[in-house]
Every structure is written in structure tokens, then in C-alpha cells.
Amino acid sequence: MRVVILDSEQEVSQRAANLICELVGSKPDAVLGLATGGTPLGTYRELVDRCQTGQISFSTTTTFNLDEYVGLDADHPQSYRSFMRQNLFEPGDFNFDRCHLPAGCSRDLSQACQSYEAEIVDAGGIDLQLLGIGTDGHIAFNEPGSSLASRTRVKALTEQTRTDNARFFDSLDQVPTLAITMGIGSILDARHIVLLAMGAGKASAVRAFVEGPITAQVPASALQLHPRVTVLLDQAAASWLVRRDYYQHVENIQRQLEQSEEPA
Ligand code: F6R
């Protein structure tokens, strides 16, 4: 795991946008795995800005979102489809036909989950998967106790997650109780995983998944098994890490190596 500790939330967003733009710049038909929630918003703003100023185009990029609430119409303002349209797909130049989210309103949810997995395979797999992390260590909606080998399926949200997400709704009662989510096994299939965490509220979950044991009680800890994970943190989210000085030391060396490899 490459743990990168940055000075500010803005730097985290810019670094994540850099990784996405480097990929899409060299592979315009790249397949991105995307997240919703507060964490990626700064990254999406950065991507939209670069797109609107002609620095990058996403017109041939394919996307798969991690999850979608069950029971909210696609056009519901709090559906993840609406969130993505508003914050990235519409202001960016994404081709909606290439933007995929699980069908949370399908009459046959289990079929919808299987089709989603098949669509990802048909697209050639995910090149870069963007992740946030829940305060309980969840990734996507894989709540504590989720199988580390799980695939896309319907999950019941914990009260903690519903409470955390209630800020996007008028009241807690309106937060759905179920979601379709990519599984931990599905996420681990991505070729590069980039997890972002900002703020003191994430410090405990970050400590647990980076430095704790691999356990289904902290779903993000499964990322320790993946060969290419980049963890981008601001100072507050990194504040509980015991080995933070070492990560910073490794990062300094890594950057020197990268600079020496750049053409003169
Ligand atoms: C959203 C998702 C969730 C969030 C997590 C953190 O698609 O997959 O796992 O990343 O709940 O949410 P925020 O970013 O709002 O703190």
C-alpha cells in the first residue's frame, strides 16, 4: 500500500485528479470505478474544471459506480445516478451511455447484480477504482462483516451508515435501508485502487484498515491484499497512524526516484 499524507483536503483531491487524468490521458477509453459521498466531491470539481478548460476529455471513458440505493428512482435527487450526473457526468463531457450504476429500482435485484458484474467484465475490468471509506471501515456499502470475497449484491445498511448519510436527505427516515453494492471481491479485481480519506472523523477507520489485521470487521482492510493501492490522506485523517513518519519517509524516497526517472 502506498500511503501518501498531504497537507490539505484540496491537495488530496488534486492528487486523485492527477492520477485519473494521467490514466485517461494515456488511455482515453479507460474504465473508471467511481464513488459518491462527500469525499470525492473535490476530485470531481477538479476533473470538471480540467475538462471545461480543455485539459482532458472523458468522452470515451467508461465508468462504473460502486453502489446505488435500492428503491429510489434513477431521477430521485438523492439517487447516486443523480449525484453523479450533477457533480461529474453533466458538467464534464462524459457520454452517459458509457456511465453505469447498479439498477437499484430493478424488479429483479439479484439479476441486476449479476448483470452489473458481467458488464464490468465485458468492459475489460476496471483500470482505476476510486474509493472513500465509511467511519466504520466500510468500502462501497460493504458493511462490517461482509465477506472479503463478496461480489455485487444487495446489502442492508447499518444504522451508522444511514445516520452518516442522513445529511443528504431531509430526515433519517428517508434514507433507504438497502443498497446494491459492488462486493469486496469485485473491488479487488480493479487494477489500481485509490482510496481517499479526509478529516478527523476518518482517522480511526484509516488506522484500522492500514495498520490493523485483515478482518471482515474492517472491510477496507482487505485492500492490504491488493498489489496496487494508493491511499491519499490529509493530515487529520492520517493523525492516528502509528507509522506515519515512515510512510512520509518512503514517500519522499519514492518521489525522488520518480523525479530521477523523468526525462531531462
Ligand atoms: C459511496 C460509497 C461509500 C462512501 C463512504 C464515505 O459510493 O461507496 O462507501 O465512500 O460511505 O462517505 P463520505 O465520502 O460521504 O464520507
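Here we summarise the structure given alongside this text. In this text the structure is predicted, and so the values were computed from the model without any measurement.

The next thing to look at is the site of the ligand. Around the ligand lies a shell of 15 residues, among which Thr 39, Asp 67, His 138, Ala 140 and Lys 202 are the nearest. Thr 36 places a polar side-chain atom, nitrogen or oxygen, 2.8 Å from an oxygen atom of the ligand. Contacts to the ligand include Ala 140, whose backbone N or O atom sits 2.7 Å from an oxygen atom. About the coverage of the ligand: the protein hides 93% of its 400 Å² of free accessible area. The residue makeup of the shell around the ligand, split by class, is five nonpolar, seven polar and three charged.

Let's shift gears to the side chain of Asn 142. Looking at the secondary structure, you find Asn 142 in the loop between strand 6 (128-131) and strand 7 (153-156). In this structure Asn 142 comes out as buried when scored by relative accessible area, which is 0%.

The terminal C-alpha atoms of helix 2 (residues 41-52), which comprises twelve residues, lie 16 Å apart, in line with the 16 Å expected from a rise of 1.5 Å per residue. Inspection of helix 2 places Gly 42, Thr 43, Tyr 44, Glu 46, Leu 47, Val 48, Arg 50 and Cys 51 among the buried residues, and these make up the whole buried set. Along its buried surface, helix 2 packs onto helix 1 (9-26), strand 2 (31-34), helix 3 (80-89), strand 6 and strand 9 (192-197). Looking one or two residues past helix 2, Gly 54 carries a phi angle of roughly 75°, positive in sign.

The strand order across the open sheet formed by seven strands is 1-10-9-6-2-3-5, and the pairing between neighbours is parallel. What marks the edges here is a single partner per strand, and that holds for strand 1 (2-6) and strand 5 (99-100). Where strand 3 (residues 62-65) meets strand 5, two bridges bridge the pair, whose relative direction is parallel. Bridging across to strand 5, Phe 64 finds its partner in His 100.

Let us now look at the packing of helix 1 against helix 2. Axes are the key here: two packed helices are described by the angle between their axes and the distance separating the axes. As a packed pair, helix 1 and helix 2 sit with axes 8 Å apart at the nearest point and diverge in direction by 50°. With respect to each other, helix 1 and helix 2 are oriented oblique. Crossing angle aside, the handedness with which helix 1 passes helix 2 is right-handed. Only Gly 42, Thr 43, Glu 46, Leu 47 and Arg 50 of helix 2 make contact with helix 1, whose side of the interface consists of Ser 13, Gln 14, Ala 16, Ala 17, Asn 18, Ile 20 and Cys 21. Tallied by class, the residues present in the contact of helix 1 with helix 2 amount to five nonpolar, five polar and two charged.

A few words on the packing of aromatic side chains. What the rule picks out here adds up to eight aromatic pairs. Plain terms: the ring middles of Tyr 80 and Phe 141 are 6.1 Å apart, the flat faces sit at 15° to each other, and that makes the pair stacked. Taken as a pair, Tyr 80 in helix 3 and Phe 141 in the loop between strand 6 and strand 7 lie far apart in primary sequence, 61 residues in all. The pair formed by Tyr 80 and Phe 141 is uniform in burial state, with each residue classed as buried. Each residue in the set Tyr 69, Tyr 80, Phe 141 and Phe 169 is aromatic and connected to the rest through ring pairs, giving one cluster. Here Arg 85 stacks its cationic end above the ring of Phe 96, 4.1 Å away from the centre of that ring.

The next point concerns the pattern of salt bridges. A complete count under the given rule lists ten salt bridges for this structure. Its salt-bridge partner being Arg 151, residue Asp 189 comes within 2.8 Å of it at the nearest N-O pair. A residue pair is termed long-range when its members are at least 10 positions apart, and Asp 189 in the loop between helix 6 (184-188) and strand 9 and Arg 151 in the loop between strand 6 and strand 7 qualify at 38 residues. Here the salt bridges do not stand alone but share partners, grouping Arg 2, Glu 251 and Glu 258 into one network.

What follows is about helix 8 (residues 244-261). End to end, helix 8 covers 26 Å across 18 residues, agreeing with the expected 26 Å (1.5 Å per residue, within 8%). Within helix 8, burial applies to Arg 244, Tyr 247 and Glu 251. Take helix 8 and look down its axis: the buried residues cluster within an arc of 50°, on one side only. Exposed and oriented more than 90 degrees from the buried face of helix 8 are Asp 245, Gln 256 and Ser 260. Against the buried residues of helix 8 lie strand 1, helix 1 and helix 7 (203-211).

About the cut-offs
Residues numbered from 1 in each chain as written. Predicted model: local features only at pLDDT ≥ 70, side-chain atom pairs only at ≥ 80, totals over all residues. Heavy atoms only, no water. Near = heavy atom within 4 Å. Polar contact = N/O pair within 3.5 Å; in protein donor to acceptor, adjacent residues only side chain to side chain. Areas by Shrake-Rupley, 256 points an atom, 1.4 Å probe, with all protein chains shown as cover. Nonpolar A, V, L, I, M, F, W, Y, C, P; charged D, E, K, R; others polar. Helix = DSSP H or I, 4+ residues; strand = E, 2+ residues; numbered from the N terminus. Buried < 20%, exposed > 50% of the residue type's maximum accessible area, 1.4 Å probe, protein only. Expected span 1.5 Å × (residues − 1). Contact = heavy atoms within 4.5 Å. Pairing = 2+ DSSP bridges. Axes fitted to C-alpha atoms, helices over the stretch in contact; angles between N-to-C directions. Parallel < 35°, antiparallel > 145°, perpendicular 65-115°, else oblique. Left-handed = near helix turned anticlockwise from the far one by under 90°. Phe/Tyr/Trp six-rings, centres within 6.5 Å; stacked < 30°, edge-to-face > 60°. Lys NZ or Arg CZ within 6 Å of the ring centre and 35° of its normal. Salt bridge = Lys/Arg side-chain N within 4 Å of Asp/Glu carboxyl O. Arc of directions from axis to C-beta.

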